[in-house]
Amino acid sequence: MSSSHPGELIVEPVSRQDHLIQVLQGVPDPRKPRGRRHTLAALIAVAVCATLAGAKGFTAIGQWAAETTTHTLTALGMLRGAADEATFRRTFARLDADLLDQVLGAWAATRLMVVNGLRVISLDGKTLRGARTGTERAPHLVAALCGTTTLGQVAVDAKSNEIPAVRDLLGLLDIDGAVVTLDAMHTQTDTATTIRTGGAHYVFTVKANNKNLYAQLKKVPWKHVPVHTTRDTGHGRKETRTIKTAQVPAWVTFEGAAQIAQLRRTTWRKKSKGSPKRKSVEVVYLITSADHRVAPALVLSGWVRQHWGIENKLHHVRDVTYDEDRSQVRTGSAPQVMATLRNTAIGLLRAAGFDNIAQANRHMIRDEARPLRLLQT
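In the nomenclature of an unreviewed UniProt entry, the protein chain corresponds to Putative transposase YbfD/YdcC from the organism Nocardiopsis metallicus.

Now the structure itself:
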């Protein structure tokens, strides 16, 4: 960790050989040196291990530390016995949460698998509803997910919205040679310019909130465009997806656009045994800077499906498995830090081959050495 001038912290590059415990030593400690019993790196490492084992808040993290052997605590850098719940709570409330996300994101980026030279980075926001107070709104965070790995996360300013926060997050990431996917809120010229300037392609969803562009895409004679179809079944539903792609026509004006698409998703779900199937149809439009050579129809469809994964593979897990929306952690930076711990744990567990995070938590809690091994991989 270095500083180019006072007040500016720069995250140093990390190597593929660095394990997480080493990387955490680069996070600045907000506490005064006097009276420290444990290093900040040790506190974060223990908290990550506890979260891997299913801890949902500071009480559970403190309990995991208290019930862990001296051998494991020492391996995590906690050399003077277990820290208590209050130590985790006070320290994490004062931590620079954005910087912690940058450090962990830089480490996660070294673990990414690149397929055909492209990384697909999906950005989306989530509100920490349980952290709402009587006078302040709940924190809202924007995260970037690549595959199963969270590359970064930033908090949305209380007086702003996701749009500038997404641009801030993009500025912290290495997106050169990647594909960035975003939902309809972010279909903005300035965001497209930020992505293209960073050397990446964009894929935006276009809906009625962007009236002019939406009307332009609806005007395309889609019935004359060849269709590509894929089908999927599982979890009590059947889904048919069709996609039609075309070059950008002359009447569509958008920064750097090379290709447009119409995506139709038809889903049949059973309500319960013996009940009739429910059918739902969703039609959305896409606009992308990637032409048909880089993104043929089925590839583009796959990128969009991967974008939906940030909700299913990250935000849904944080809500359902880690009960995030009911978390009463509210002080200072603590809500964002806890979200970061959950992001990190989910990424580590998926990288280890677990699809079911709740099942993975139960596996980890049976042997305290299992979370430790993930941090040292």
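1. Regarding unusual backbone geometry
The backbone of Asp-323 sits at a positive phi, close to 55°, despite the residue not being glycine. Position of Asp-323 among the secondary structure elements: in the loop between α10 (297-320) and α11 (334-351).

2. Concerning the UniProt feature "domain: H repeat-associated protein N-terminal" (unreviewed entry) in the protein chain
The UniProt entry lists residues 22-108 under the feature "domain: H repeat-associated protein N-terminal" (unreviewed entry), expressed in the numbering used here. In this annotation, residues 22-108 is assigned 61% helix and 0% strand; the end-to-end C-alpha distance for the span is 13 Å.

3. Things to note about the side chain of Thr-187
Among the secondary structure elements, Thr-187 is positioned in the loop between β4 (178-182) and α8 (189-197). Judged by its relative accessible area of 4%, Thr-187 is buried. Among the polar contacts made by the side chain of Thr-187, one reaches the main-chain carbonyl oxygen of Thr-205 at a distance of 2.6 Å. Ignoring sequence-local partners within four residues, the contact set of Thr-187 consists of Phe-204, Thr-205, Val-206, Asn-210, Leu-213, Phe-254 and Ile-287.

4. Observations regarding the packing of aromatic side chains
Applying the stated criterion across every chain, the model contains 7 aromatic pairs. Each ring, one from Phe-58 and one from Phe-92, has its centre 6.0 Å from the other, and the planes form 50°; the classification is tilted. Of this pair, Phe-58 sits in helix α3 (residues 58-66) while Phe-92 sits in helix α5 (residues 85-94), and the two are 34 residues apart along the sequence. Residues Phe-58 and Phe-92 agree in their burial class; the two are buried. A connected cluster of aromatic rings, assembled from ring pairs, spans Phe-58, Phe-88 and Phe-92. If you follow Lys-219 out to its NZ or CZ, it ends over the ring of Trp-251, 4.9 Å from the centre. A cation sits over an aromatic face here: Arg-265 above Trp-308, 3.9 Å from the ring centre.

5. Side note on the pattern of salt bridges
Tallied over the entire structure, the rule returns 14 salt bridges. The partner of Arg-241 in a salt bridge is Glu-239, and the shortest N-O contact between them spans 2.4 Å. Given a relative accessible area of 3%, Arg-241 falls into the buried group. Owing to a relative accessible area of 6%, Glu-239 belongs among the buried residues under this scheme. Linked through salt bridges whose partners overlap, the residues forming this network are Lys-126, Arg-318, Asp-319, Glu-324, Asp-325 and Arg-342.

6. So, the packing of helix α2 (residues 40-52) against α5
In a packed pair of helices, the relevant descriptors are the angle between the two axes and the axis-to-axis distance. Packing of α2 against α5 brings their axes to within 11 Å, and their N-to-C directions diverge by 110°. In terms of their interaxial angle, α2 and α5 are classed as roughly perpendicular. In terms of crossing hand, the pair formed by α2 and α5 is left-handed. Between α2 and α5, the contacting residues are Leu-40, Leu-43, Ile-44, Val-46 and Ala-47 on the first element and Thr-87, Phe-88, Thr-91 and Phe-92 on the second. A breakdown of the residues in the contact of α2 with α5 according to their chemical character gives 7 nonpolar, 2 polar and no charged.

7. What about the pairing of strand β1 (residues 119-127)?
Taking burial as the measure, the 9 residues of β1 include 8 buried ones, the bulk of the element. Across 4 bridges, the pairing between β1 and β4 is parallel. Bridging from a neighbouring strand, Ile-121 pairs with Val-180 of β4. Two strands pair when backbone bridges link them, and β1 and strand β2 (residues 140-146) are joined in this way by 7 bridges, in the antiparallel orientation. Its bridge partner lying in β2, Asp-124 is registered against Ala-143.

8. Observations concerning the pairing of strand β7 (residues 237-247)
One ladder, built from 7 bridges, connects strand β6 (residues 228-234) with β7; its direction is antiparallel. Along β7, the bridge assignment pairs His-228 with Ile-243. With 11 bridges connecting them, β7 and strand β8 (residues 259-270) associate as antiparallel partners. Looking across to β8, one finds that Ile-243 is bridged to Leu-263.

Scoring rules and cut-offs
- Here the residue index of a chain counts from 1 through its sequence in written order.
- Under the rules for a predicted model, residues below a pLDDT of 70 receive no local features and side-chain atom pairs below 80 are neither given nor counted, while totals for whole chains, interfaces and linings still include all residues.
- In computing side-chain properties, one takes all heavy atoms of the structure into account and sets aside hydrogens as well as water.
- Only runs of H or I of at least four residues qualify as helices and only runs of E of at least two qualify as strands under DSSP, and these elements are numbered from the N terminus.
- UniProt positions are given in the numbering used here, feature names are shortened, and annotations may be inferred rather than shown by experiment.
- Summary of the burial criterion: residues with accessible area below 20% of their type's maximum are buried, those above 50% are exposed, and those between are partly exposed, where the area comes from a 1.4 Å probe applied to protein chains only.
- Polar contacts, as used here, are pairs of N or O atoms within 3.5 Å; protein pairs need one atom able to donate a hydrogen and one able to accept it. Residues neighboring in sequence count only if both atoms are side-chain atoms.
- We call two residues in contact whenever any of their non-hydrogen atoms come within 4.5 Å of each other.
- Stacked, tilted and edge-to-face are the three classes assigned to paired rings of Phe, Tyr and Trp, where Trp is represented by its six-membered ring and a pair needs centres within 6.5 Å; plane angles under 30 degrees give stacked, over 60 edge-to-face, the rest tilted.
- Whether a charge sits over a ring comes down to the Lys NZ or Arg CZ being within 6 Å of the ring centre and within 35 degrees of the ring normal.
- For this analysis, a salt bridge means a side-chain nitrogen from Lys or Arg found within 4 Å of a carboxyl oxygen belonging to Asp or Glu.
- Axis definition: a line fitted to C-alpha atoms, over the contacting stretch in the case of helices. Angles run 0 to 180 degrees between N-to-C directions.
- Note on terminology: angles under 35 degrees are roughly parallel, angles over 145 are roughly antiparallel, angles of 65 to 115 are roughly perpendicular, and the others are oblique.
- Should the near helix be turned anticlockwise from the far one by less than a right angle, the crossing is left-handed, and should it be turned clockwise, the crossing is right-handed.
- Any residue outside Ala, Val, Leu, Ile, Met, Phe, Trp, Tyr, Cys, Pro, Asp, Glu, Lys and Arg is labelled polar, Gly included; the first ten of those are nonpolar and the last four are charged.
- Strand pairing requires that DSSP identify at least two bridges connecting the strands.

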